[in-house]
Structures are given as structure tokens and as C-alpha cells.
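Listed here are the chains, written in short residue letters.
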Amino acid sequence: MKIVVSDPLSPEGLSILREAGHEVVELAGAPPEQVRAALADADALLVRSATKVTAELLAGAERLRVIGRAGAGVDNVDLAAATRRGIVVMNTPGANTIAACELTMAMMLALARRLPQLSGRVKAGEWPKKGAMGTELQGKQLGIIGLGRIGSEVARRALAFGMEVAAYDPFVSAERAQALEVRLTTLDDLLATSDVLTIHAPQAPETKRLLGTAAFAKMKKGVLLINCARGSLIDEAALADALRSGQVAGAALDVFEKEPPLPDCPLLAFDQVIATPHVGATTAEAQATVAIEIARQVAAYLKGEPPRNAVNAPCIEPELLEVLGPYIDLSERLGSLLVQLAEGGISRLTITYRGEINQHDLRPLTAALLKGLLQRAIPTVNHVNAPVIAAERGLKVDVTKSAAVEDFANLIAADARVGQRTLAVAGSMLARHTPRIVRVDNYRVDAAPEGHLLVTRNHDRPGVIAHVSAVLARRGINIADMTCGRDHPGGTSMLVISIDSPVTPEIVREIEASPLILRAQLVSL
Ligand code: NAD
């Protein structure tokens, strides 16, 4: 088959494709018209980040079945245009993990011993023995924000250095952290107790400027800070203040809010700042690995194997999509509901499908539920890669189909293990494609899985509804719908209230202030 390679790719990758018998057309640096012309009879396209794979570029690519991106980000590929044409887009998300991890370790040692500064001064003719006092890492606490692929590898290596390793990651289970010998803790505790802090969280609205003025104030004075993730995670002006006051003794940055940083970026002026030009993935091995991995994935797909690391939607037959579409949507919402109620890392998930839906292949529903469950942790998760990401993160997923029908013609139930607790939700599709949440833990409820839901656990005593609605009324929050379930009279009960606008943490605390209320949570679907 014909494979067009339009960006420079390591020869190791190209030879895999040639050895598989494919014709490889190398067009790195060629103008888009030439790439477009070559795509007219091509089966696959391989790119890195330079080629802009637009709808226009794909317009005449009648035979194209797969686009391989050697690397993680797919911002340069018009995914919607590719999906519309039935083209699978795949990437190599984990191929640069070791490169980014080793840069982080290099940054840590360089900060602790002020290597770049001392080297610069010796080369300038000085012999700066004074002021060269370093810090040892052994016995110090490394705090990791984001215990994913890179964070976990950093943890392993820091343990070998004799460091105590703690982490904050709201989506990682206690079991996984324990297996890594990492103490899982809150962000505030991590900030207050760490001697070195390194951040490995994704770029997302929730993580934007995660480390700002308030966070710096909570850190141990003299902390060393490393960012080899994304510039947007740190408020640069706040970091400059923290460096000025000595709150942060040194910072090592591979990434910046704006890249390259503007000449007036305040951080560049500090002697105690080490800066590199976003080179986390820039090792010969990582470049070879991305090329080898993408070549293997594309060759396997062209041979008829299922796509690996695909980032756009799988092709479900339109007739099946018609039937399963509403259930796919419901499953995703149930996953999102579960993770928001869990407020902690889920280690095991059991999904049970009951009733009439069982006659179909329900893998798209499982993938959708996992997507809902993971998307707050991994913003890039999608219906295709969700099962792989879940497995990578050590989430155990059991799926059963049961013929036994409860009170519903169909039911999707998901039970999650969070530490020692089990949390359960179930949803059903009523007539005319009306999705409902029908159970939360042992409580029967009946709520639309959309918008903002206030979920409270209460004593089953008079006055609960009056209290909650009074608080909401005082705060001008309108109730759209309300459902109540209880385990047994006089036991405990649950309210699920659909509200027109979200409640603030302060309002949640006000609701919880009543002795009638055991717990209140906001869920947004
Ligand atoms: P990953 O998805 O494997 O891990 C990210 C972890 O962050 C997950 O465990 C997730 O649960 C956690 N997380 C999500 N939201 C969080 C929050 N609000 N607070 C704390 N933790 C949160 O990703 P990865 O492959 O380890 O990559 C980590 C980061 O490194 C990403 O930002 C990625 O873009 C960046 N990266 C940079 C370079 C570079 O060249 N400097 C190279 C590779 C990756």
C-alpha cells in the first residue's frame, strides 16, 4: 500500500513500513499541493506536528484510511474532517514518557546543585566555591502533582534516590499509589510538606494556573519547583513574586505560558531559574520510539487489526448507532456522575447491563462510561482510547450482561470501588429515548442525567426538604426537579435536586450545616 510521510520521521519507523511491503513516499518539507496530490491514491498518511492536516488537504484522498501522528498532540489534524471521511487518526501518547521523566530528574539535580549557574560562572573565568552550597535530595520529600505516566516514572526514580515521595492526584486510586510506594495526599498537604515539587498534570480548564499566589503561599519556604508539563499550569507572575521573596528557592521550567517566552517574561531574569525550550520529548530515543510505534500501529491497522491509540470516533454502523446512540450518551453521563460522587480514585468498576440492550455489542457503551469516568482526569480521553487509558491506569473493569430484568426494560448499572467504599449508580432509558438516573447506591431515584444536580444524603426525618429548599431559595437558586429515595422509614434518605445554576462550595456547606444532612454534593453533567 502507499504511505505518504509528510514530516521528518526517524528511519527506524520508515524501515518497518518498507519491510511490511508498503511503498513509502517521503515528502517532508514539500508544499501542501504536492502532499495533496500524493494523497490522491494513498492508503495512509504519517505526520509529526508540522503538516497541517486540513479538510482541504484530505479533499481528494479517496483511498486514505489512516493518519498516524508520531507524537501525542493532534492539534494539527482536523479530526472532524478525518472522521467524516471515515479515516482513523492515531497517535503515540506514551512514547515520550521516559524522555520527559528523565528531563524532570535532570532538572531536580540541576536545581539542587545549581549546575547551570556554576557552570556558567566557571566558564566566565570565576571559581565560585562560595555560594556553591547545594542541597541533597536523599531524605527530602518530592511532591508530585499528577501521578500519571510521567509522574509515576518520576516517583520510581526519586525513590531510588532515597527521597520520600508524595503525590496529589484526585483521580488516582489509593491502591495504585500504594503499589508505587507513593503517599497520596491532598494538594494543600503536598504544598505544605514538599521540599521539591514537580507538576505532571494535563492542560485543562481545571488545571489552569493551578499554582498561583494562594498555592505559593502554602508551600514550604525554600521549595524547589519543576514544570516539565505545560506552561498554563503555573501563574508566572505569582511564581516571579515567590522567587523574589525566597518562598521558592529555585525553579526549573521546560514550558511557558507563551512559547517562546516574551523577552520581558519576568522569570528569565532570575539567576535561580533554569529554563529549557520545551525539550521534554526531545531525545533521540523518544523520536525513534514515536516513529517505530506509529509505523507499527499504522502497519497493523492496514493489515486489518483493530486500531490502537485511535483518537477519533470508531465507526459504528449507522443502524446500530440509531439504537445505541442514546444509551452511549446515558453511559457517559453515568460515568461522569459516578466519578463526581466518588470524590476519589476509583480502583475497580463493575458494569452490569440488563434487559433488551443485551442483544447488541455493548462495547461502545462501556467505552462511553469509561470516557465519562476519566475525562476530568484525562481531558484527551475519547470513546476510542478510554478502555486503553483505563487499563493503563490500573482501573479494573468487569462487565457482565444479565438477562434478569429488574423493574426496567433495560438498565445500565455501574459500581465503583473507592478505597474501602463502594459507590453505585444505575440508569435506564424510558420510552421515547428519555434517559433517567434510577438508582444511586441503595436509593431509588428518578432524575434526568443533565445539568446541575444537588445530591444530598440525609436522615429520613421531617424537615430535610424544607431546609434544603430554604437554603436554595435564600441564595436565589431555582429548583427544576426533585426526587427522593430512602433505604427504610426512619433510616437514611437521598435527595437528587435538579437546579438551574450550580451551587458554590459555601452553599454546600450551608446545606450540610443542618444535623439532618449527612452529606451534600454538586454534580454537573
Ligand atoms: P497522563 O495523562 O498519563 O497523566 C496526567 C495525570 O494528571 C493523570 O494521572 C491525571 O489523573 C492527573 N490529573 C488530572 N487533573 C489533575 C488535577 N487537577 N490535579 C492533579 N492531577 C491531575 O499524562 P502524562 O503523559 O504523564 O503527561 C503529563 C504532562 O506532561 C502533560 O501536561 C503533558 O502535556 C506533559 N508533557 C510535556 C512534555 C514536554 O515536552 N515538556 C512531554 C510529554 C508530556
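Residues numbered from 1 in each chain as written. Predicted model: local features only at pLDDT ≥ 70, side-chain atom pairs only at ≥ 80, totals over all residues. Heavy atoms only, no water.

**Student:** Any chance you could explain the site of the ligand here in plain terms?
**Tutor:** Near the ligand lie 27 residues; those nearest to it are Arg149, Ile150, Asp169, Ala201 and Arg393. In the model, an oxygen atom of the ligand is placed 2.8 Å from a nitrogen or oxygen of the Ala201 main chain. Cys228 has a polar backbone atom sitting 3.0 Å from a nitrogen atom of the ligand. When isolated, the ligand has an accessible area of 870 Å², and the protein chains bury 90% of it. Grouping the amino acids of the shell around the ligand by side-chain chemistry returns 15 nonpolar, 7 polar and 5 charged. Viewed by domain, the shell around the ligand spans two of them, domain 2 (97–275) and domain 3 (314–438), each represented by three or more residues. (Near = heavy atom within 4 Å. Polar contact = N/O pair within 3.5 Å; in protein donor to acceptor, adjacent residues only side chain to side chain. Areas by Shrake-Rupley, 256 points an atom, 1.4 Å probe, with all protein chains shown as cover. Nonpolar A, V, L, I, M, F, W, Y, C, P; charged D, E, K, R; others polar. Domains from an automatic or database assignment.)

**Student:** I would appreciate a short explanation of the domain arrangement of the protein chain in the present structure.
**Tutor:** Buried accessible area, meaning the area lost when the parts come together, often serves as the stated size of an interface. Structurally, the protein chain comprises domain 1 (2–95 + 285–302), domain 2 (97–275), domain 3 (314–438) and domain 4 (442–525). Each of domain 2 and domain 4 has a C-alpha centre, and the two are 41 Å apart.

**Student:** Looking at this structure, how should I read the sheet that holds strand S14 (residues 396–402)?
**Tutor:** Neighbouring strands of a sheet are bound in pairs by backbone hydrogen bonds; such pairs are parallel or else antiparallel. Ordered in space as S14-S13-S15-S16-S17-S18, the 6 strands form an open sheet in which the pairing is mixed. The open sheet has two edge strands, S14 and strand S18 (443–447), and neither has a second partner. Averaged over all adjacent pairs, the angle separating strand axes in this sheet is 20°, with direction ignored. Taken strand by strand, helix H14 (residues 363–374) contacts strand S13 (348–355), S14 and strand S15 (410–418), and its axis lies near 140° from that of S13. (Pairing = 2+ DSSP bridges. Helix = DSSP H or I, 4+ residues; strand = E, 2+ residues; numbered from the N terminus. Axes fitted to C-alpha atoms, helices over the stretch in contact; angles between N-to-C directions. Contact = heavy atoms within 4.5 Å.)

**Student:** What should I look at first to understand empty space enclosed by the protein in this one?
**Tutor:** Over the atoms rolls a probe the size of a water molecule, and in doing so it shows where empty space is left. The tally for this structure, following the rule as stated, stands at 2 cavities of 30 Å³ or more. Within this model, the largest cavity holds a volume of roughly 150 Å³. Lining the largest cavity are 15 residues, with Phe171, Ile346, Leu374, Arg393 and Leu395 sitting closest to its centre. Residues belonging to the lining of the largest cavity are distributed by class as follows: 9 nonpolar, 4 polar and 2 charged. When its volume is computed, the second largest cavity comes out at roughly 40 Å³. Surrounding the second largest cavity, Asn227, Gly231, Ile234, Glu236, Leu239, Leu253, Val255, Phe256, Glu257 and Leu267 form its lining. (1 Å grid on protein atoms, 1.4 Å probe; cavity = no way out; pocket = protein on both sides within 12 Å on 5 of 7 lines; lining within 4 Å. Points joined across faces, edges and corners; volume = space filled by probe spheres on them.)

**Student:** Sorry if this is basic, but what is going on with the state of the cysteines here?
**Tutor:** Summed over the entire model, instances satisfying the criterion amount to 0 disulfides. Its sulfur unpaired, Cys101 is 9.7 Å from the next cysteine sulfur, which belongs to Cys228. (Disulfide = S-S within 2.5 Å.)

**Student:** Please clarify how the packing of helix H16 (residues 464–474) against helix H17 (residues 505–512) should be interpreted in this entry.
**Tutor:** Two measures define how a pair of helices packs: the angle their axes make with one another and the distance between the axes. Closest axis-to-axis distance for the H16/H17 pair is 9 Å, and the angle between their directions is 150°. Between H16 and H17, the angle is such that the two are roughly antiparallel. When the axes of H16 and H17 are compared, the crossing they make is right-handed. Across the interface between the two elements, His467, Val468, Val471, Leu472 and Arg474 of H16 pack against Ile507, Glu510 and Ile511 of H17. Grouping the constituent residues of the contact of H16 with H17 by class yields 5 nonpolar, 1 polar and 2 charged. (Parallel < 35°, antiparallel > 145°, perpendicular 65-115°, else oblique. Left-handed = near helix turned anticlockwise from the far one by under 90°.)

**Student:** Where do I start with the sheet that holds strand S6 (residues 141–145) in this structure?
**Tutor:** Ordered by their spatial adjacency, 7 strands build an open sheet running S8-S7-S6-S9-S10-S11-S12, and the pairing between neighbours is parallel. The open sheet terminates on both sides in strands that have one partner only, identified here as strand S8 (183–184) and strand S12 (273–275). In this structure, strand S11 (residues 248–253) lies alongside S12, joined through 3 bridges in parallel fashion. Within S12, the residue paired with Ala251 across the bridge is Val273. Together, S6, strand S9 (196–199), strand S10 (223–227), S11 and S12 form the strand contacts of helix H5 (residues 97–113), whose direction differs from that of S10 by roughly 150°. Relative to the sheet, helix H7 (residues 149–160) contacts S6, strand S7 (164–168) and S9, its axis offset from that of S6 by approximately 175°.

**Student:** Whenever I open this one, the pairing of strand S19 (residues 452–459) confuses me. Can you help?
**Tutor:** Along a regular strand, successive side chains alternate from one face of the sheet to the other. Here S19 lies mainly inside the structure; 6 of its 8 residues are buried. Looking at chain direction, S19 and strand S21 (residues 492–499) are connected through 8 bridges and run antiparallel. Bridge pairing in S21 links Val455 to Val496. Inspection of the sheet shows S19 paired to strand S22 (residues 517–524) by 7 bridges, in the antiparallel sense. In the sheet register, Asn458 faces S22, and the bridge partner there is Ile517. (Buried < 20%, exposed > 50% of the residue type's maximum accessible area, 1.4 Å probe, protein only.)

**Student:** Help me understand the nonpolar core in this model?
**Tutor:** Inside soluble globular proteins, nonpolar side chains tend to come together where they are buried. Counting residues in hydrophobic clusters, the biggest one holds 46 residues, and the most contacted among them are Leu338, Leu341, Ile346, Leu349, Leu365, Leu373 and Ile412. Broken down by element, this core gets its largest block of residues, 10 residues, from helix H13 (residues 318–342). Excluding its chain neighbours within four sequence positions, the residues that come into contact with Leu349 are Leu338, Leu369, Leu370, Leu373, Leu395, Lys396, Val397, Asp398, Ala414, Asp415 and Ala416. Judged by nonpolar contacts, the second largest core, of 30 residues, contains Ala201, Leu211, Ala238 and Leu243. (Core = buried A, V, L, I, M, F, W, Y, C linked by side-chain atoms within 4.5 Å.)

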